[in-house]
Amino acid sequence: GPGAYLLAQEIEAAGRKQVRVEHLLVLPNDEVDQNRTRRFGINGSNIEEWMAENLKRSGFGWMRYENAKWQMYMPSKDRVAFDGSVTPWRIPYDRLLTTYQANGLKVLPYIFQPPEWATSAPPDVKRNRHGYPPKDPADYEDAIFQFVARFGRNQVDPSLLKSDDKKSGLGLIDAVELWNEPNLNDPGWGPFVGPLTQYFDVLRAGAQ
C-alpha cells in the first residue's frame with residue numbers, strides 16, 4: 001500500500017558481510033488535486049529532476065530550498081557564480097530553478113551562511129564560522145541583490161552585476177527568505193550567532 005518503507009539487505013559473500021539500506025516511497029494511484037494542495041511546501045536541497053516530478057505529483061507547490069547559501073554562490077566580494085563552479089558544492093542554480101519551475105513548483109530560497117571573507121566570526125573560532133552574521137550588513141544587502149537581480153523578474157543594469165554573464169530578470173523566483181532560524185544563536189551550531197537585535201540590522205539590509 002502507499003507509504004514510506006525501509007528496505008534493508010544483509011549480504012554475505014567471500015567471508016564479508018554488508019548491510020545495504022534503501023528508502024522506498026510507494027505513491028497512491030490517484031492524482032492529487034493540485035488546485036487544493038499547491039499552497040503547501042516542503043524543505044529540501046535535492047536538484048534532481050525526478051525529485052521535482054515527485055513533489056509535483058505529491059501535490060506540493062513550493063520548495064523551500066536550503067542550498068542557496070551565500071557562501072555557495074559568492075566566493076569573493078567582487079564575484080558571484082550561479083553556474084555550479086563554486087567549490088566544493090557546485091550548485092547549478094540556473095538548472096535547479098528552471099527544473100522546478102517547469103514542474104509548476106515555486107522555489108523559496110533562504111539565504112544565510114556568509115562566506116569566509118564576510119563572516120564576523122573571530123579568527124580563533126573553528127566551529128560554526130558560517131553561523132556568524134556578516135561583518136558588514138551591506139555585504140548581505142549586495143548578496144541578496146545579486147541573487148534577486150538574476151532570478152527575479154526585473155532587468156537590472158548589467159554594470160551592477162558581479163556574474164560573468166551579467167544575466168538578470170530570469171523570472172525564476174517569487175520570494176527570498178532572509179536568513180534561517182535567527183532565534184537559534186548557540187555559538188556551536190546556531191544559524192545566527194548574535195542577538196536578535198543584530199539580526200534586525202541584517203534583515204533590514206537584505207530587504208533593502
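So, how was this worked out
Throughout this document, residue positions are counted from 1 along each chain, in the order its sequence is written. Since the coordinates come from a predicted model, pLDDT governs what is reported: local features require at least 70, and pairs of side-chain atoms require 80 or more to be given and counted, while whole-chain, interface and lining totals use all residues. Note: side-chain values were computed over all heavy atoms of the structure, leaving out hydrogens and water. Paired strands are those between which DSSP finds at least two bridges. In DSSP terms, a helix is any run of H or I states spanning at least four residues, a strand is any run of E spanning at least two, and both are numbered starting from the N terminus. By convention, orient the strands away from the viewer: a clockwise path from the first strand over the helix to the second makes the crossover right-handed. By the convention used here, residues are in contact when the closest approach between their heavy atoms is within 4.5 Å. Think of each axis as a best-fit line through the C-alpha atoms, taken over the contacting stretch in the case of a helix, with angles from 0 to 180 degrees between the N-to-C directions. Only protein chains enter the accessibility calculation, which uses a 1.4 Å probe. A residue is then buried if its area is under 20% of the maximum for its type, exposed if over 50%, and partly exposed in between. Cavity: a set of points on a 1 Å grid over the protein atoms alone where a 1.4 Å probe fits but cannot get out. Pocket: an open set with protein on both sides within 12 Å along at least five of seven lines, its lining residues, like those of a cavity, having an atom within 4 Å of a point. Grid points are joined across faces, edges and corners, and a volume is the space filled by probe spheres set on the points. Each residue is assigned to one class: nonpolar for Ala, Val, Leu, Ile, Met, Phe, Trp, Tyr, Cys and Pro, charged for Asp, Glu, Lys and Arg, and polar for all the others, Gly among them. Take the buried residues of types Ala, Val, Leu, Ile, Met, Phe, Trp, Tyr and Cys, join any two whose side-chain atoms come within 4.5 Å, and each joined set is a nonpolar core. Whenever a nitrogen or oxygen atom comes within 3.5 Å of another N or O atom, the pair is scored as a polar contact, on the condition that within protein one atom can donate a hydrogen and the other can accept it, and that pairs from neighbouring residues in sequence are kept only if both atoms are in side chains. By definition, a salt bridge exists where a carboxyl oxygen of Asp or Glu is found within 4 Å of a side-chain nitrogen of Lys or Arg.

1. Observations concerning the pairing of strand E5 (residues 106–111)
Stage number 1. Summarising the sheet, strand E4 (residues 62–65) and E5 pair through 4 bridges and their orientation is parallel. By the bridge assignment for E5, tryptophan 62 is matched with lysine 106.
Stage number 2. As judged from the 2 bridges shared by E5 and strand E6 (residues 177–178), these two strands associate in the parallel manner. Residue pairing in the sheet places tyrosine 110 in a bridge with glutamate 177 of E6.
Stage number 3. Once you follow E5 into helix H5 (residues 137–151) and on to E6, the crossover reads as right-handed.

2. So, the sheet that holds E5
Stage number 1. The strand order across the open sheet built from 4 strands is E3-E4-E5-E6, with neighbouring strands paired in parallel fashion. This sheet does not close on itself; its edge strands, each paired only once, are strand E3 (41–44) and E6.
Stage number 2. Here H5 sits on the sheet and contacts E5 and E6; the angle it forms with E5, its principal contact strand, is near 160°.

3. Observations regarding unusual backbone geometry
Stage number 1. Of note, the bond from threonine 87 into proline 88 is cis; its omega dihedral lies within 30 degrees of zero at 0°.
Stage number 2. By secondary structure assignment, the location of proline 88 is in the loop between helix H3 (70–73) and helix H4 (93–102).
Stage number 3. Positive phi, normally seen in glycine, also occurs at lysine 166, with a value near 60°.
Stage number 4. With respect to the helices and strands, lysine 166 occurs in the loop between H5 and E6.
Stage number 5. Taking the relative accessible area as the measure of exposure, lysine 166 reaches 37% and is therefore partly exposed.
Stage number 6. At glutamate 181, a residue that is not glycine, the phi angle is positive and equals roughly 45°.
Stage number 7. Examined against the element boundaries, glutamate 181 turns out to sit in the loop between E6 and helix H6 (196–207).

4. Examining the layout of surface pockets
A water-sized probe, rolled over the atoms, reveals where empty space remains.
Stage number 1. The volume enclosed by the largest pocket comes to roughly 250 Å³.
Stage number 2. Lining the largest pocket, in full, are Leu25, Leu27, Ile42, Asn43, Gly44, Trp50, Met51, Asn54, Leu55, Ser58, Phe60 and Met63.
Stage number 3. Where the lining of the largest pocket is concerned, the elements lending two or more residues are E3 and helix H2 (49–58).
Stage number 4. Looking at the lining of the largest pocket, the element that brings in the most residues is H2, giving 5 residues.
Stage number 5. Tallied by class, the residues present in the lining of the largest pocket amount to 8 nonpolar, 4 polar and no charged.

5. What to know about the nonpolar core
Stage number 1. The biggest cluster of nonpolar side chains holds 34 residues, and the ones touching the most others in it are Tyr73, Tyr93 and Phe147.
Stage number 2. Broken down by secondary-structure element, the contributors of at least two residues to this core are H2, E4, H3, H4, E5, H5 and H6.
Stage number 3. The leading source of residues in this core is H5, at 5 residues.
Stage number 4. Those residues in contact with tyrosine 93, other than ones at most four positions away along the chain, are Tyr65, Asn67, Ala68, Lys69, Met72, Tyr73, Phe82, Phe147 and Phe151.

6. A look at the environment of aspartate 83
Stage number 1. Its location among the elements puts aspartate 83 in the loop between H3 and H4.
Stage number 2. Note: C-alpha distance between aspartate 83 and glycine 131 (48 residues apart in sequence) is 25 Å.
Stage number 3. Beyond its immediate stretch of four places on either side in the chain, aspartate 83 contacts Ile91 and Pro92.
Stage number 4. A polar side-chain atom of aspartate 83 sits 2.7 Å from a polar atom in the side chain of serine 85.

7. Considering the pattern of salt bridges
Stage number 1. Counted by the stated rule, this structure contains 9 salt bridges.
Stage number 2. For arginine 64, the salt bridge identified is with glutamate 177, shortest N-O distance 2.8 Å. Taken together, the residues arginine 64 in strand E4 and glutamate 177 in strand E6 connect sequence positions 113 residues apart.
Stage number 3. A salt bridge links aspartate 174 to arginine 153; the shortest N-O distance between them is 2.9 Å. Of the two residues, aspartate 174 sits in the loop between H5 and E6 while arginine 153 sits in the loop between H5 and E6, which places them 21 residues apart along the sequence.
Stage number 4. Residue aspartate 174 is classed as partly exposed on the basis of its relative accessible area of 40%.
Stage number 5. Each of Asp94, Arg150 and Asp165 takes part in salt bridges that share partners, so that together they form one network.

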